[in-house]
Amino acid sequence: MRTSILTLSIADNNRFFVPFTAGWFTLSAMPDKNQIERKLAESDLRAIEKESIEVFRELLRFDTTNPPGNEMPAIRFAESVLSRDEIECEVFEIEQNRGNLVCRLVSSGAEPPLMLSAHVDVVPANPAKWKHPPFEATIDDGWIYARGAIDMKNMACYGITILRILKRLGLPLKRDVILCLVSDEEAGCHNGSEYMVKEHAEKVRADIVFNEVGGFTLWYDDVKFYPVQIAEKGICWLRLKATGEPGHGSIPVRDSALLQAARAAEKLAATKLPMHTTEPAKLMTEGLASAFGFPKASVMRALTSEGIGRWLRDALVRDPKKNAQMQALYHNTANPTIFNSGVKINVIPDSAILEIDGRTLPGVQLDEFLSEVKSVVGNGFEFEVIDFQPASTTEGWEPILVEIQKTIDKYDPGGKVIPSLCPGFTDSRWYATLGARCVGFSPVKLGPETDFGALFHGHNERIPVDGYIFGLHALADVVCKYAIAE
Ligand SMILES: [Zn+2]
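Numbers given to residues run from 1 along each chain, matching the order in which its sequence is written. A pLDDT threshold of at least 70 governs which residues receive local features in this predicted model, and a stricter bar of 80 or more applies before side-chain atom pairs are shown or counted, although totals over entire chains, interfaces and linings include all residues.

Overview of the overall build of the protein
Then, number 1: Helix and strand assignments come from DSSP, with helices taken as H or I runs of at least 4 residues and strands as E runs of at least 2, each series counted from the N terminus. Each helix and strand in the protein was counted, giving 17 helices and 19 strands.
Then, number 2: Two things to know: the radius of gyration comes from C-alpha atoms, and the globule rule equals 2.2 Å times the number of residues to the power 0.38. For the protein, whose C-alpha radius of gyration is 24 Å, the value lies close to the compact-globule estimate of 23 Å for 486 residues.
Then, number 3: With the C-alpha coordinates aligned to their principal axes, the bounding extent of the protein is approximately 80 × 55 × 45 Å.
Then, number 4: Any residue whose C-beta has 12 or fewer other C-beta atoms within 10 Å is treated as exposed, any with 20 or more as buried, and any in between as partly exposed, C-beta atoms being built from the backbone. The buried share of the protein, reckoned over its 486 residues, is 46%.
Then, number 5: Here contacts are defined at the residue level, using C-beta atoms placed from the backbone and a cut-off of 7 Å between them. Considering only intrachain contacts with a sequence separation of at least 6, the fraction spanning at least 24 residues in the protein is 78%.

With respect to the sheet that holds strand β10 (residues 234-243)
Then, number 1: Judged by pairing direction, the sheet is antiparallel, and its four strands sit side by side in the order β12-β14-β10-β15 without closing on themselves. Each edge of the open sheet is held by one strand with a lone partner, namely β12 (333-341) and β15 (382-389). With direction set aside, neighbouring strand axes in the sheet form an average angle of 20 degrees.
Then, number 2: Only the stretch in contact is used when a helix axis is fitted, and all axes are lines through C-alpha atoms; the angle between N-to-C directions ranges over 0 to 180 degrees. In the packing of helix α13 (residues 366-377) onto the sheet, the strands contacted are β10, β12, β14 (351-360) and β15, and the crossing angle to β10 comes to about 40 degrees. Here, strands pair whenever DSSP counts at least two bridges between them.

A short note on the packing of helix α3 (residues 42-60) against helix α17 (residues 465-483)
Then, number 1: For the pair α3 and α17, interaxial distance at closest approach is 11 Å and the crossing angle is 115 degrees. On the basis of their axis angle, the class for α3 and α17 is roughly perpendicular. Between α3 and α17 the crossing geometry is right-handed. Facing Glu49, Ser52, Ile53 and Phe56 of α3, the residues of α17 in contact are Val465, Tyr468, Ile469 and Leu472.
Then, number 2: Residue polarity is assigned by list, with Asp, Glu, Lys and Arg as charged and Ala, Val, Leu, Ile, Met, Phe, Trp, Tyr, Cys and Pro as nonpolar; anything else, Gly included, falls into the polar class. By residue class, the composition of the contact of α3 with α17 is six nonpolar, one polar and one charged. Angles are sorted into four bins: roughly parallel if under 35 degrees, roughly antiparallel if over 145, roughly perpendicular if 65 to 115, and oblique for all others. Left-handed is the label given to a crossing in which the near helix is rotated counterclockwise from the far helix by less than a right angle, and right-handed is the label when the rotation is clockwise.

Side note on the nonpolar core
Then, number 1: Remark: nonpolar core denotes a set of buried Ala, Val, Leu, Ile, Met, Phe, Trp, Tyr and Cys residues whose joining runs through C-beta atoms within 7 Å. One finds Ala78, Ala156, Leu181 and Leu475 to be the most contacted residues of the largest nonpolar core, which totals 127 residues.
Then, number 2: With twelve residues, the single largest contributor to this core is α17.
Then, number 3: With near-sequence residues (within four places) excluded, alanine 156 lies in contact with Leu59, Ala78, Ala118, Val120 and Leu181.

Topic: the domain arrangement of the protein
Then, number 1: Each domain's limits were defined by an automated method or a database of domain assignments. Domain boundaries assigned for the protein yield domain 1 (24-230 + 392-483) and domain 2 (233-389).
Then, number 2: The centre of domain 1, based on its C-alpha atoms, is set 32 Å off from the matching centre of domain 2.
Then, number 3: Contact residues are listed per partner, giving 17 residues for domain 1 and 16 residues for domain 2.
Then, number 4: For the side of domain 1 that touches domain 2, the secondary-structure elements that each account for two or more residues are β9 (223-232) and β17 (416-422).
Then, number 5: If one sorts the elements of the side of domain 1 that touches domain 2 by residue count, β17 sits on top with six residues.

Thoughts on the environment of proline 67
Then, number 1: For proline 67, the position within the fold is in the loop between α3 and α4 (72-83).
Then, number 2: In the structure, proline 67 is positioned 120 residues away from alanine 187 in sequence and 7.4 Å away in space, judged by C-alpha atoms.

Overview of the pairing of strand β6 (residues 177-182)
Then, number 1: Counted residue by residue, β6 has six buried out of six residues, so it is predominantly covered.
Then, number 2: Residues of β6 alternate between two faces, with Val177, Leu179 and Leu181 on one and Ile178, Cys180 and Val182 on the opposite face, all of them buried.
Then, number 3: As paired strands, strand β2 (residues 98-105) and β6 are joined by five bridges and run antiparallel to one another. Its bridge partner lying in β6, leucine 101 is registered against leucine 181.
Then, number 4: Here strand β3 (residues 114-119) pairs with β6 via six bridges, running parallel.

Re helix α5 (residues 153-169)
Then, number 1: A helix is expected to span 1.5 Å for every residue after the first. In this model, α5 (17 residues) spans 24 Å end to end at C-alpha, consistent with the 24 Å of a helix rising 1.5 Å per residue.
Then, number 2: Of all 17 residues that make up α5, 14 are buried, and the element is covered over most of its length.
Then, number 3: Looking at the residues trailing α5, positive phi occurs at glycine 170, about 60 degrees.

A closer look at the sheet that holds strand β4 (residues 138-140)
Two strands in a sheet stick together by hydrogen bonds in their backbones, pointing the same way (parallel) or opposite ways (antiparallel).
Then, number 1: Strand order in the open sheet formed by three strands is β4-β5-β19, with antiparallel pairing between adjacent strands. Every interior strand has two partners, whereas the edge strands, β4 and β19 (462-464), have only one. Looking at each pair of strands side by side, their axes are set apart by 25 degrees on average, direction ignored.
Then, number 2: Inspection of the sheet shows strand β5 (residues 143-145) paired to β19 by three bridges, in the antiparallel sense. Looking at β19, one finds that tyrosine 145 is bridged to arginine 462.
Then, number 3: Packing against the sheet, α17 makes contact with β4, β5 and β19, and its axis sits at approximately 75 degrees to β19.

Some remarks on unusual backbone geometry
Then, number 1: Backbone torsion omega between asparagine 66 and proline 67 reads 0 degrees, so that peptide bond is classified as cis.
Then, number 2: The omega angle of the peptide bond from proline 67 to proline 68 is 5 degrees, so this bond is cis rather than trans.
Then, number 3: Along the chain, proline 68 falls in the loop between α3 and α4.
Then, number 4: A positive phi angle, near 55 degrees, is found at glutamine 96, a position not held by glycine.
Then, number 5: Its location among the elements puts glutamine 96 in the loop between β1 (89-94) and β2.

Some words on the environment of cysteine 89
Then, number 1: Relative to the assigned elements, cysteine 89 resides in strand β1.
Then, number 2: Looking at cysteine 89, the number of C-beta atoms within 10 Å reads 19, which means it is partly exposed.
Then, number 3: Between the alpha carbons of cysteine 89 and cysteine 180 there is a distance of 9.7 Å; along the sequence they are 91 residues apart.
Then, number 4: Leave out the neighbours within four places in its chain, and cysteine 89 touches Glu79, Leu82, Leu101, Val102 and Cys103.

Here we look at α17
The α-helix winds at 3.6 residues per turn, so residues separated by three or four positions along the chain end up facing the same way.
Then, number 1: For α17, with 19 residues, the first-to-last C-alpha span of 27 Å sits near the 27 Å given by 1.5 Å per residue.
Then, number 2: Buried residues dominate α17, accounting for 17 of its 19 residues.

Brief notes about the packing of helix α14 (residues 398-411) against α17
Then, number 1: With their axes 10 Å apart at the nearest point, α14 and α17 run at an angle of 135 degrees to one another. One element, α14, and the other, α17, form an angle in the oblique class. In this structure, α14 meets α17 at a crossing whose hand is right-handed. Judged by residue contacts, Glu403, Ile404, Thr407, Ile408, Lys410 and Tyr411 of α14 engage Phe470, His473, Ala474, Asp477, Val478 and Lys481 from α17.
Then, number 2: Taken together, the residues that form the contact of α14 with α17 break down as six nonpolar, two polar and four charged.

In structure tokens form, the structure reads like this:
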């Protein structure tokens, strides 16, 4: 049975007005209702939906820009909301107004725990470039505008809402359901998931972890896909140092430290590192290709060939942004991001520092990546490794994606779930070290006109209200399947 989550008409400038004629109401009429939908009256479901959005907007108003983070007020707010249903939280305070929250609904223990994971820190936003202030959560034309709207306070509020409903209903659980909200993901996870895994492993050890990045609608030629992250690239952050003769700024030079480092940066920008076809990228491409017939499917599959894929991609994918997105799936990458040299305008500096944001594919080790970078920039530089964390790949994800597909069939028929490789890093890498099957599923339904990738860390980050409600339903449905005893 096809269900539609109707477009909500919202006219708001900080006033909350949502005519709830959709969402849970529609879903409650479905024949294959989950345990939550069966238990609650339509009016209760609508009230839950409404309150979840109110909580979401309040959470979005905390400025958790990292650096510096200052996540603690947001964490304390989440704790206070969970306490409304007498859910006890443990808050782990870390220096400088930072911290993490864990709460757990205890089950019979018949099966190992399931965890919902979200970070509450966000990347910086330049208000001058935004249609609405980035920390006011303004609703405009059905969208909530705020830094963190999709990355990823939405997931934090899905989790808060789902735990509250499960607690309120007292449904019998076969798995503990854990909610873990952390700080510091956007700066490398150190005070967040890394701290929790290293200092409090038993609090966050789970069999299945639902985290970012995945579950959003990816439109491709009228076909809607729901990519679900099963692997993420590693990081290798490097500091390249160039040295040269100092001198007087009145005498021209061609090989100063500054110019050597600048040339290294230019070479990295102009040169693709070697192509490697890894299993997760191949599975992702196969998932996309399988939705199409000849010749498109054949061409898509050929893009994965280490022999001709790269040249085919450059010939066919002329849009620079799309080409770069594909490059990230099949190559290690090395982006210069910070440049430091010189102290005085009339002095030729004797050193220059170039910091490089390196991202490594599954299976690539530090030495291999370093040799790829050195072969591009040439000899004569010193390298310091600032941080290296190898790529992370989940094993045993297949049955989880089967269940997610059933959920998407129910809430957005026609959507095709595919495994995906994330070019960035997430907290999943840390939970995976404890043996968790981490999958990216923080669902958001988007129309064909919306490019999810452009919203991520972009100006005017925003989420459609109905896309949020869809996400809440979809995640709750999957949690019901895994956690509630029949
Ligand atoms: Zn994120």
